[in-house]
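Listed below are the residues making up each chain.
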Amino acid sequence: MTASTRKAPAVRVAVLFMAVAGFALAGCASHGGATAEYGTELYGAESAEAAIGRFLDAARLRDYSAMARLFGTEEGPAERRWGRAETEQRMFVLARLLEPRAWDLRPNPVAGAGGASRWMVDLTGTRNGEASVPFIIVSDGNRWFVERIVTEGLGTP
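Rules and cut-offs
Residues numbered from 1 in each chain as written. Predicted model: local features only at pLDDT ≥ 70, side-chain atom pairs only at ≥ 80, totals over all residues. Heavy atoms only, no water. Phe/Tyr/Trp six-rings, centres within 6.5 Å; stacked < 30°, edge-to-face > 60°. Helix = DSSP H or I, 4+ residues; strand = E, 2+ residues; numbered from the N terminus. Buried < 20%, exposed > 50% of the residue type's maximum accessible area, 1.4 Å probe, protein only. Contact = heavy atoms within 4.5 Å. Pairing = 2+ DSSP bridges. Core = buried A, V, L, I, M, F, W, Y, C linked by side-chain atoms within 4.5 Å. Salt bridge = Lys/Arg side-chain N within 4 Å of Asp/Glu carboxyl O. Axes fitted to C-alpha atoms, helices over the stretch in contact; angles between N-to-C directions. Parallel < 35°, antiparallel > 145°, perpendicular 65-115°, else oblique. Nonpolar A, V, L, I, M, F, W, Y, C, P; charged D, E, K, R; others polar. Polar contact = N/O pair within 3.5 Å; in protein donor to acceptor, adjacent residues only side chain to side chain.

> Requested: an account of the packing of aromatic side chains, with residues and values cited.
Applying the stated criterion to the full structure yields 4 aromatic pairs. Judged by centre distance (6.4 Å) and plane angle (80 degrees), the rings of F55 and F135 are edge-to-face. Residue F55 is located in helix α2 (residues 48–61), and its partner F135 is located in strand β7 (residues 129–139); the two are separated by 80 residues in the primary sequence. Like F55, the residue F135 is buried in the burial classification. One aromatic cluster is present, built from ring pairs that chain together F55, F71, W82 and F135.

Here it is as structure tokens:
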């Protein structure tokens, strides 16, 4: 194996890791009025705990559209900014990064600016074993959304 063939996978992994970090940490602000329903699909969850739990269950099942309906800001779902296809692509990357076999929510919310709260989630069965991951959860006034996931400790998909 030559040095160039060994370098190519490392470069791809580094680029993919940067993309994942950008997706996970990117703010997903949207413009317009906040509403929890579009057509017949319900967005968000009734509580912060439900938003985290349903998001992780959907990640485990690789249900990217369910993940996308739970990802957003206090202005509403991320799909309003990115569109359905792009949001589901981002959820594909997050699901591959998280892939939890099981999870446990530590009831340790820390209030943030604008009503956001930070929750610690203990994941088991990820690519790198066990990990504690902060989730930033926000509400649009009616429903709760996963806004950000701090993924640095999870490795690359």
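> I'd like a rundown of the environment of E49, residues and numbers included.
As for its position among the elements, E49 is in helix α2. Dropping the residues within four chain positions of it, E49 is found in contact with L105 and W119.

> Describe in detail the pairing of β7, supporting the description with residues and values.
Looking at chain direction, strand β6 (residues 117–126) and β7 are connected through 8 bridges and run antiparallel. The residue of β7 that forms the bridge with R118 is I136. Counted between consecutive antiparallel strands, the loop separating β6 from β7 contains 2 residues. Direction of pairing for β7 relative to strand β8 (residues 144–149): antiparallel, over a ladder of 5 bridges. For V138, the partnering residue across the bridge sits in β8 and is F145.

> With reference to specific residues and values, describe unusual backbone geometry.
Even without a glycine there, the phi angle at R62 is positive, about 60 degrees. Tracing the chain through its elements places R62 in the loop between α2 and α3 (64–69).

> How would you sum up the nonpolar core? Please name residues and give values.
By size, the foremost hydrophobic cluster in this structure holds 33 residues, and its most contacted members are F55, M67 and F135. Sorting the residues of this core by element identifies α2, α3, α5 (84–98), β6, β7 and β8 as the ones contributing at least two each. Residues in contact with F55, not counting those within four places in the same chain, are M67, L70, F71, M91, L94, L98, F135, V146 and I149.

> Could you give an account of the pattern of salt bridges, naming the residues involved and the relevant values?
Scanning all chains against the criterion turns up 6 salt bridges. In this structure, R54 and E46 form a salt bridge, with 2.9 Å as the shortest nitrogen-oxygen distance. Between R90 and E86 there is a salt bridge whose closest N-O contact spans 2.6 Å. Placement of both R90 and E86 in helix α5 is noted, with a separation of 4 residues, approximately one turn of the helix.

> Summarise the packing of α2 against α5; cite the residues concerned and give the values.
One can describe the packing of α2 onto α5 by two numbers: an axis separation of 9 Å at closest approach and a directional angle of 85 degrees. Considered as vectors, α2 and α5 are oriented roughly perpendicular to each other. In this structure, α2 uses F55, L56 and A59 to contact α5, whose residues at the interface are M91, L94, A95 and L98. Of the residues that constitute the contact of α2 with α5, the class distribution is 7 nonpolar, no polar and no charged.

> An account of the side chain of E79 is needed here, citing residue identities and associated values.
On the secondary structure map, E79 appears in helix α4 (residues 79–82). Accessibility expressed as a relative area gives 11% for E79, which makes it buried. Among the polar contacts listed, one links the side chain of E79 to the side chain of Y43, at a separation of 2.7 Å. Dropping the residues within four chain positions of it, E79 is found in contact with Y43, A68, R84 and T87.

Geometric values such as these leave the question of function open.
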